[in-house]
There are 2 protein chains.
Amino acid sequence: MVAEILSVGTELLLGQIVNSDAQYLSRRLSELGINVYHHTTVGDNPARVREALRQALGRSDLVITTGGLGPTEDDLTKEMVAQELGLDMRLHQPSMRALEGYFERFGRVMTENNKKQAYFPVGAHVLPNRKGTAPGCVVEKDGKMVAVLPGPPRELTDMYDTQLEPFLRARTHKRIASRFLRIFGIGESEVETRLKDLFSGSNPTLALYCATGEVTARITVMCEENEDPTPLLNPLEKEIRARLGDCVYGEGLKESLAHVVLNKLLERKATVALAESCTGGLIASRLVDCPGASDALIEGHVTYSNQAKMRVLGVTGKTLREFGAVSAQCAAEMAAGARGISGADYALSVTGIAGPGGGTEEKPVGLVYIGLASNQGVETWRFLFTGDRGRIRELSCLNALDKLRRALI
Amino acid sequence: MVAEILSVGTELLLGQIVNSDAQYLSRRLSELGINVYHHTTVGDNPARVREALRQALGRSDLVITTGGLGPTEDDLTKEMVAQELGLDMRLHQPSMRALEGYFERFGRVMTENNKKQAYFPVGAHVLPNRKGTAPGCVVEKDGKMVAVLPGPPRELTDMYDTQLEPFLRARTHKRIASRFLRIFGIGESEVETRLKDLFSGSNPTLALYCATGEVTARITVMCEENEDPTPLLNPLEKEIRARLGDCVYGEGLKESLAHVVLNKLLERKATVALAESCTGGLIASRLVDCPGASDALIEGHVTYSNQAKMRVLGVTGKTLREFGAVSAQCAAEMAAGARGISGADYALSVTGIAGPGGGTEEKPVGLVYIGLASNQGVETWRFLFTGDRGRIRELSCLNALDKLRRALI
């Protein structure tokens, strides 16, 4: 099956946003063994959308459009698909009811132009939107298939994953199975060196991806629809785990370091408190991202000022005077203080200089201390991170979580 | 002048990388007043590259290709441009010397296929590559212009900025200026309804973009290279502000709601404390994202459990028993408590049910109370948000910041 991605949106042609939808769909389609030969982007212009559709339908079996499903007059993807396929537009009652319900729940007034989001080409299979107001659809005619998806990435990825992908999978009879190993505490080139001889296989294949501070190893096999991929995946996974040890912290793309830490806390019925300075609530926020966080996270404190460190956490004036707020001593007192007041089993603290200002020769931007208090006492670690404010805060957050993870192993 | 970006690279069609080159070039071309009507991406396939080139030359004055300039046999963009324009390839001696110098400096052996990077279509204006080995070029024929650029973003951006942009600027004598107004507290379709008659202008033009909970209005004018765009931009901006009132919270693409709130606090030398339950540190983290947050944010507390709400913030057991943790009463006591212990001028509180679990008929997932304590007393607001846990937390965070913003106006 040959597919093509047709992105509709003037904001793409003006370079205001990057076309992450095309990348996402391409990656997911390639996992199904579907070949993508073209990406095309046009603006919110009826003639150019239709011309691009006509061309795409002429050379591809499957055309996936992204964008142009909003309530405004500019949004015309569905209408152009209907015109190009010679189909009328018809009201889809369940979508209208869903729209009305959405506006009611939100306490907002539904305007006349919102209603166009409930109209679809006759015969379309409607794909409800769980993340926004614009449903998508799949239309089939003369052996061609057009899938119409919304542009906002969180709506698009959810609709693809939960609705379009199963629909397409039922047609290809092949499947690709991937397993992802999440790695922290070791750099990409070191991972590559340790796994060097494992990259040459063809089924399974091994690839590495890296993001801020962490590396993901992907093991992929192609097999028949009804074949169990496990016997192909297991030996390579076992070998990688043997070589990387406890640097492998999790599996899957959705399981973040915070999820893994939270699950370990919940398994052990242990609790945690947080004392954050330069991360400023980032660690708390990551834990609270995970459903169930309330059973493990007793409380968090963002103590950005010295006053708050003393008053809330009991850091001593002596420590702040003699060693400063960015010191191992302060990190230790923050962690011990947070554990003491909350009664939590563990307390994590972070204090550092995220920049861009505030650095000195002795204490440069990027200097971060992490503290961990438990019934074993208090440990601290010193880090010197590079990068901008966002990256320094992110690396501080991840390393703090990783210290807690290792304490929980 | 109408331009088109033709990206060549199988890695784009496999979704291994996002097409940031197309975004970069589009943004830069729009600044020159050059209209980009199409992006096209094809793989490293001679027939499809040529077909895409032929089509692009048929409908655009300027075609910018990216990628396919490497030393391997797969890399064939220059060759296809030459074939399509009916030009021979010829050795460019300065490029060959530069290549030889590059390999010598890095102590590497230059292979036979590296030499193809020094061949160009006859008559091409060669663009040296200061960041890699593959030079680009500009070829003109029959009133059409083809610019051939390398794919790696750091090579592409440098070559565009230092060589192609000056080349193009000398031809257009036009510029585009845009202004962005950031809007919160009003939905996209309501914004559109209020501004309906303003969308029909041609210079300036008006467009809307939306993200979670907020809308951005873009005003764009095209003017002569040396003309001041301000007199064209100001009247429309003034009209929009008159119609949307204080829902316009900021200007520019980089100024987030948190930035605006922080700046207002700093201007007034006012301080804030936070008491977060379901947002779990998200508000603190957004404020700490902004350099200078330490002067306004006294402290934050993530009080996820009832125990922490009572112990840290002084919420009463009576309130929790009678009204529950997700109630206007609890939000009020959280805000008052956070203000009391910190001595801050303002304290914001959030308590709600982010889901997926924890909802009841009376208190469904998405129910959120926001409290704001100041020297004027305590106010609370009730919200019912839709969406998943992440979206509910995001909307809670933005609405809390917006309540503080409005209090600071």
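Attention shifts here to the overall build of chain A. When helices and strands are tallied, chain A shows 14 helices and 17 strands. Dimensions along the principal axes, computed over C-alpha positions, put chain A at roughly 80 × 55 × 40 Å. Accessible surface, chain A as shown: approximately 16,700 Å² in total, 49% of it carbon and sulfur. Across chain A, the centroid of the 48 positively charged side chains sits 3 Å from that of the 50 negatively charged ones.

Take the interface of chain B and chain A next. With 71 residues of chain B at the interface, the matching set in chain A holds 67 residues. Here chain B meets chain A over a buried area of about 5,600 Å², counting both sides, of which 50% is carbon and sulfur. The largest share of the area that chain B buries against chain A comes from B:Leu13, B:Val288 and B:Tyr304, three residues that together contribute 10% of it. One can count nine salt bridges joining chain B with chain A. If you look at where chain B meets chain A, you find 35 residue pairs in polar contact (both at pLDDT 80 or more). For the side of chain B that touches chain A, the residue count by class is 28 nonpolar, 28 polar and 15 charged. Sheet analysis places strand S14 (residues 297-302) of chain A next to strand S14 (residues 297-302) of chain B, joined by three bridges and oriented antiparallel. The partner of A:Val302 across the bridge, within S14(B), is B:Gly300.

On to the packing of aromatic side chains, then. In total, this model carries six aromatic pairs over all chains according to the counting rule given. Seen from their ring centres, A:Tyr24 and A:Tyr160 are 6.4 Å apart, and the 85° between their planes marks the pair as edge-to-face. One end of the pair, A:Tyr24, is in helix H2 (residues 20-31); the other, A:Tyr160, is in helix H6 (residues 153-172), with 136 residues separating them in the sequence. As far as the burial class goes, A:Tyr24 and A:Tyr160 line up, both buried. Positioned over the ring face of B:Tyr37 is A:Arg48, at 3.6 Å from the centre of the ring.

Attention now goes to the side chain of A:Asp158. Within the secondary structure layout, A:Asp158 lies in helix H6. Leave out the neighbours within four places in its chain, and A:Asp158 touches A:Arg130, A:Lys131 and A:Gln163.

What follows is about the side chain of A:Glu155. All names here are of chain A. Within the fold, Glu155 resides in helix H6. This buried residue, Glu155, is left without a salt bridge; Arg154 holds the nearest opposite charge, at 5.3 Å. Reaching out from Glu155, the side chain makes a polar contact with the side chain of Asn129 at a distance of 2.8 Å. If we ignore the near neighbours within four places in the chain, the residues touching Glu155 are Asn129, Lys131, Gly132 and Pro150.

Here we come to the pairing of strand S3 (residues 62-66) of chain A. Residue and element names in this part refer to chain A. Of all the five residues making up S3, five are buried; the element is thus mostly covered by neighbouring parts of the structure. Burial along S3 is two-sided: Leu62, Ile64 and Thr66 and Val63 and Thr65, pointing in opposite directions, are all buried. Here S3 runs beside strand S8 (residues 144-149); their pairing, made up of five bridges, is parallel. Bridge assignment links Thr66 to a residue of S8, and that residue is Leu149.

Here the focus is the sheet that holds strand S11 (residues 214-224) of chain A. All names here are of chain A. Strand order in the open sheet formed by four strands is S10-S11-S9-S12, with antiparallel pairing between adjacent strands. Edge strands, defined here as strands with exactly one partner in the open sheet, are strand S10 (205-211) and strand S12 (248-251). Across the sheet, the mean angle from the axis of one strand to that of its neighbour is 25°, orientation sign disregarded. With 11 bridges connecting them, strand S9 (residues 174-184) and S11 associate as antiparallel partners. Each bridged residue has a counterpart across the sheet, and for Arg179 the counterpart in S11 is Ile219. Contacting S9, S10, S11 and S12, helix H8 (residues 230-244) runs over the sheet at an angle of about 10° to S9.

Residues and elements named next belong to chain B. Tracing the backbone through its elements, the reader meets Leu367 in strand S16 (residues 367-374). It is 8.9 Å that separates the C-alpha atoms of Leu367 and Ile392, two residues lying 25 residues apart in sequence. Apart from residues lying up to four places away in sequence, Leu367 is in contact with Val326, Thr351, Gly352, Ile353, Arg382, Phe383 and Leu384.

The strand order across the open sheet formed by 12 strands is S6(A)-S7(A)-S8(A)-S3(A)-S1(A)-S2(A)-S2(B)-S1(B)-S3(B)-S8(B)-S7(B)-S6(B), and the pairing between neighbours is mixed. Each end of this open sheet is capped by a strand with a single partner; those strands are strand S6 (125-127) of chain A together with strand S6 (125-127) of chain B. Direction aside, the axes of adjacent strands within the sheet are offset by 15° on average. Note that S6(B) and strand S7 (residues 136-141) of chain B share three bridges and pair antiparallel. Bridged to B:Leu127 within S7(B) is B:Gly136. Where helix H2 (residues 20-31) of chain B meets the sheet, it contacts strand S1 (2-8), strand S2 (35-42), strand S3 (62-66) and strand S8 (144-149) of chain B, and its direction lies at approximately 165° from that of S1(B).

Glancing now at the pattern of salt bridges. Across all of its chains, the model carries 52 salt bridges over all chains by this definition. Across the pair B:Asp197 and B:Arg243 runs a salt bridge, and its minimum N-O distance is 2.7 Å. Linking B:Asp197 in the loop between helix H7 (188-195) and strand S10 (205-211) with B:Arg243 in helix H8 (residues 230-244), this pair joins segments that are 46 residues apart in sequence. With relative accessibility at 25%, the residue B:Arg243 sits in the partly exposed group. One connected set of salt bridges, linked through shared partners, spans A:Arg28, A:Asp161, A:Glu165 and A:Arg169.

Okay, the nonpolar core next. If you look at the biggest cluster of nonpolar residues, it comprises 47 residues, and the most contacted ones within it are B:Leu265, B:Leu287 and B:Leu404. At the level of secondary structure, the elements contributing two or more residues to this core comprise helix H5 (93-106) of chain A together with helix H9 (257-267), strand S13 (272-276), helix H10 (282-288), strand S15 (346-352), S16, strand S17 (377-384) and helix H14 (389-408) of chain B. Sorting elements by how many residues they give to this core places H14(B) first, with eight residues. Here B:Leu287 is in contact with B:Ala258, B:Leu262, B:Val272, B:Leu274, B:Ala293, B:Leu297 and B:Leu401, once residues within four sequence places are set aside. Listed in part, the 41 residues of the second largest apolar core include A:Tyr249, A:Leu257, A:Leu348 and B:Tyr304.

Moving on to unusual backbone geometry. Only a minority of non-glycine residues have a phi that is not negative, and only a minority of peptide bonds are not trans. All names here are of chain A. A cis amide bond links Gly355 with the next residue in sequence, Pro356, at an omega value of 0°. Turning to its location among the elements, Pro356 is positioned in the loop between strand S15 (346-352) and strand S16 (367-374). Here the phi dihedral of Asp142 falls at roughly 50°; this positive angle occurs in a residue that is not glycine. Note on placement: Asp142 falls in the loop between strand S7 (136-141) and S8.

About the cut-offs
- Residues numbered from 1 in each chain as written.
- Chains lettered and ligands numbered in written order.
- Predicted model: local features only at pLDDT ≥ 70, side-chain atom pairs only at ≥ 80, totals over all residues.
- Heavy atoms only, no water.
- Helix = DSSP H or I, 4+ residues; strand = E, 2+ residues; numbered from the N terminus.
- Areas by Shrake-Rupley, 256 points an atom, 1.4 Å probe, with all protein chains shown as cover.
- Lys, Arg positive; Asp, Glu negative; His and termini not counted.
- Charge placed at Lys NZ, Arg CZ, Asp CG, Glu CD.
- Contact = heavy atoms within 4.5 Å.
- Buried area = accessible area lost by both parts, 1.4 Å probe.
- Salt bridge = Lys/Arg side-chain N within 4 Å of Asp/Glu carboxyl O.
- Polar contact = N/O pair within 3.5 Å; in protein donor to acceptor, adjacent residues only side chain to side chain.
- Nonpolar A, V, L, I, M, F, W, Y, C, P; charged D, E, K, R; others polar.
- Pairing = 2+ DSSP bridges.
- Phe/Tyr/Trp six-rings, centres within 6.5 Å; stacked < 30°, edge-to-face > 60°.
- Buried < 20%, exposed > 50% of the residue type's maximum accessible area, 1.4 Å probe, protein only.
- Lys NZ or Arg CZ within 6 Å of the ring centre and 35° of its normal.
- Axes fitted to C-alpha atoms, helices over the stretch in contact; angles between N-to-C directions.
- Core = buried A, V, L, I, M, F, W, Y, C linked by side-chain atoms within 4.5 Å.

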